Amino acid sequence: MSIAERKISVELFYQEKRHRLTYIIVFFAVFFVDVYSQINIPIYLNETKTIEERIEHALSLMSIEEKVAMCHAQSRFSSNGNPELGIPELKMSDGPHGIRMEIKWDSWEQADWTNDSCTAFPALTCLAASFNPDLSFSYGKALGEEARYRGKDVLLGPGVNIYRTPMNGRNFEYMGEDPYLSSRLVVPYIKGIQMNGVAACLKHFALNNQEDKRLTINVEVSDRALHEIYLPAFKTGVQEGKVWSIMGAYNKFRGDYCNQNDLLLNQILKKNWGFDGAVISDWGSVNNTKKAALNGLDIEMGSLTQYKNAYNNFYLAEPFLNMLRSGEIPVEVLDDKVRRILRLHFRTSMNRNRPFGSFSTKEHFAVSQQIAEEGVVLLKNKTNLFPIKKGQYKKILIVGENATKILTVGGGSSELKVKKEITPLKALSNKYGKDVISHTLGYSSDPALCQKASTQDSLISKAVEMAGLADVVIYIGGLNKDKNQDTEAADRLSYDLPFNQNRLIESLLSINKKVGIVLISGNAYAMPWINKASSIIQSWYLGSVAGDALANIISGEVNPSGKLPFSFPVKLEDSGAHAHDESSYPGVNGTVTYKDDILVGYRWFDAKRIKPQFPFGHGLSYTNFGLSNVKTNKKEYGVNDTIKVLFDIKNLGYLLGSEVVQIYVSQESPSLMRPIKELKGFKKVSLSPKESQKICIEIPTKSLAFYDDGKNGWVLEKDKYYVHVAFSSENVIKSIPISIE
Ligand code: GLC
């Protein structure tokens, strides 16, 4: 009988007045049994003890072999527990957008289970484009429920590597080019996951900003760029998000692999930031026992996968044990790892109070759809082609492979086996009617088709012929999850849209005056046809309910409110990562040097006065918004103050809509070079037609500091600053001078 049941039966018993004495005797008997039984539980299992007490006790009971066993994998996606002590094994799973299908014990193959078809949530670029921290919490909570239900203790995500180059194959898994945006969104996502008793695993720490030669490339970057651009989202995830685990990246940083890197793991992560969780290696990223052991790695995963069942030969297995036995490595090094691993266990696998989770539920599909709808970006709508109302046209032609392509598969470790995926064509047919909607591929990514010019020509001519007869054309193209597009382990080979899409788009624009262009991608791309295109939507990998979300935006049932989380350069060489020679991307002789330094994304375009195709933070709506009474609460601030930016925002149109007001800050005369302006605050506001709201965005003055590599620390200078209140990094509505004394 559970404690709760016992209490109810005792309450009922008590209500019988005549049993009062008996009740009191029974109550105390039950109480003492409880206390006695708690006393008898070994400390490490006794939940009345603190986690730290329980860790120390468990550690004292373990042999050196049992401790070493916990520092490495026992299968492709799990690490050892302790069978003697009843400490479960640690079960891990990808990925950031949904719970990956079960993988076989000792291979990369799918285990073909029949109970692991999940909810696919939108890619994290879409979440970033929503600029909505509350939605990020809902995302993490739902994803954590699915991980919990699937019996996973560690979810291998989110990824927060900064979008430095549009060629990086994995940008779709990350949250864009700005460290402040990534920082604000990563915290609620982590909290949402971990409230389920599942550890988030913040990745890939650090400087994994390209996939080209990812296993070996050495990254050289200044301390300023390291601390101002590439580390903030990790630091915030640790210090505010309290993330329970971190994944070390494949690449090297200043000569050492990230999972064997004293500066990154021991000095910055564990000592300076106070990280108390476990560092888990990326799969197969360890190659030296002593460096991994001494420089801060805690759990080695995915090594030696070319051999069957090689777990005892892992660098942190037998070789590590031998160095401990010989005294070459002190046992304290091992104990620190095991303390962190046990802490991870007590927070997850041994946490009796964690919920049971849920899987592929209607609530999760609803969350997935809401993120999708809030992340889609209306880039251009000159002729108000969008929204396309139901019944407005009799013949709507859908052109493009991405209208029908399944996009939750592929892409690498973030691949998913989904309960459902509604394609754009299916949803558009449902919405507008099968008699209104017709479709033609226009282009194909199928190698059997797209290599032959004759096939491409026939696909294009068919599309053009049908477009000439349609009232309106909706083009749905972009990138996909194939190699050298938006996928892991390889970068893109061109900044252009693949499969001759530019020629197809030009042809459609020339044959029909009404062409709405919808592009699905996780990266920016060239738009040579931009001046002829009046209406463009940037969509993302939207997951299970992609089609419905997109159809709701196209039809106007949902008003788009997404904002670009990264800039769209007109041409590749306009981007900071490509404005220098090959040593700056993809690197030469095994080393890539970030010569753009702190000027990443809009910071670069501002500094070099280059106009991007579409700027960071840009996104239109089917309504429009006006700001008034824009001011700050003071003119002069102390170093420990909070700047309050106040304004009224009004929905000037006739449709419910949301706007993201962004606050950028500039310093007038910094002692070191600084970006012209940097995002330091934002707020998404939803307003009914004609509704007005008073908004206050708070910015701690401390957040205006810059990293002074001469002083190895953050510096906030007394100076004049400007607070820019904006609708995008280019569209500043008002700039307010303030000073910091
Ligand atoms: C992959 C990825 C990492 C993933 C891991 C396990 O190589 O880099 O993000 O979580 O291996 O699949």
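Below or above, wherever it landed, is the structure these notes cover.

Thresholds, definitions, all that
- Residues numbered from 1 in each chain as written.
- Predicted model: local features only at pLDDT ≥ 70, side-chain atom pairs only at ≥ 80, totals over all residues.
- Heavy atoms only, no water.
- Near = heavy atom within 4 Å.
- Polar contact = N/O pair within 3.5 Å; in protein donor to acceptor, adjacent residues only side chain to side chain.
- Areas by Shrake-Rupley, 256 points an atom, 1.4 Å probe, with all protein chains shown as cover.
- Nonpolar A, V, L, I, M, F, W, Y, C, P; charged D, E, K, R; others polar.
- Core = buried A, V, L, I, M, F, W, Y, C linked by side-chain atoms within 4.5 Å.
- Buried < 20%, exposed > 50% of the residue type's maximum accessible area, 1.4 Å probe, protein only.
- Contact = heavy atoms within 4.5 Å.
- Pairing = 2+ DSSP bridges.
- Helix = DSSP H or I, 4+ residues; strand = E, 2+ residues; numbered from the N terminus.
- Axes fitted to C-alpha atoms, helices over the stretch in contact; angles between N-to-C directions.
- Parallel < 35°, antiparallel > 145°, perpendicular 65-115°, else oblique.
- Left-handed = near helix turned anticlockwise from the far one by under 90°.
- Phe/Tyr/Trp six-rings, centres within 6.5 Å; stacked < 30°, edge-to-face > 60°.
- Lys NZ or Arg CZ within 6 Å of the ring centre and 35° of its normal.

**Some remarks on the site of the ligand**
And step 1. Taken together, 14 residues sit near the ligand, with D94, K203, H204, Y250 and D282 positioned nearest.
And step 2. Contact distances for the ligand include 2.9 Å between an oxygen atom and a side-chain N or O atom of E488.
And step 3. Calculation on the ligand without its partners gives an accessible area of 310 Å², and the protein chains cover 97% of this total.
And step 4. Broken down by class, the residue content of the shell around the ligand amounts to 5 nonpolar, 2 polar and 7 charged.

**Concerning the nonpolar core**
And step 1. Formed by 197 residues in total, the largest nonpolar core has its most connected members in F205, L342, I396, I517, W529 and I554.
And step 2. Filtering out sequence-adjacent residues up to four positions away, L342 remains in contact with I55, A58, L59, M62, M70 and I87.
And step 3. Counting 24 residues, the second-largest nonpolar core is a separate cluster that includes L627, Y637, I663 and I695.

**Let's talk about the sheet that holds strand β16 (residues 535-539)**
What holds strands together in a sheet is hydrogen bonding between their backbones, with the strands either parallel or antiparallel.
And step 1. The 6 strands are arranged β11-β16-β15-β14-β12-β13 in an open sheet whose pairing can be described as mixed. The outermost strands of the open sheet, each flanked by one partner alone, are β11 (377-381) and β13 (437-440). On average, each strand axis in the sheet is tilted by 20° relative to the strand beside it, whichever way the strands run.
And step 2. Judged from the 4 bridges that link them, strand β12 (residues 396-399) and β13 form a sheet pairing that is parallel. If you follow V399 over to β13, its bridge partner there is T440.

**Comments concerning the packing of helix α7 (residues 179-194) against helix α9 (residues 232-239)**
And step 1. Running from N to C, α7 and α9 point in directions that differ by 30°, and their axes come no closer than 8 Å. As summarised for this structure, α7 and α9 are arranged roughly parallel, according to the angle between their axes. In the crossing of α7 with α9, the sense of the turn from one axis to the other is right-handed. Each of P179, S182, S183, R184, V186, V187 and I190 in α7 lies in contact with α9, whose residues at this interface are P232, A233, T236 and G237.
And step 2. Among the residues making up the contact of α7 with α9, the classes are represented as 6 nonpolar, 4 polar and 1 charged.

**Here's the deal with the packing of aromatic side chains**
And step 1. Applying the stated criterion across every chain yields a total of 22 aromatic pairs.
And step 2. Their ring planes at 75° and their centres at 6.0 Å tell us that F77 and W108 sit as a pair that is edge-to-face. One end of the pair, F77, is in the loop between β1 (73-75) and β2 (78-79); the other, W108, is in the loop between β3 (90-93) and α5 (124-130), with 31 residues separating them in the sequence.
And step 3. Accessibility expressed as a relative area gives 12% for F77, which makes it buried.
And step 4. Directly above the ring of F365 sits K420, whose terminal nitrogen or CZ lies 4.3 Å from the centroid.
And step 5. Between K608 and the ring centre of W604, over which it is positioned, the NZ or CZ distance is 4.9 Å.

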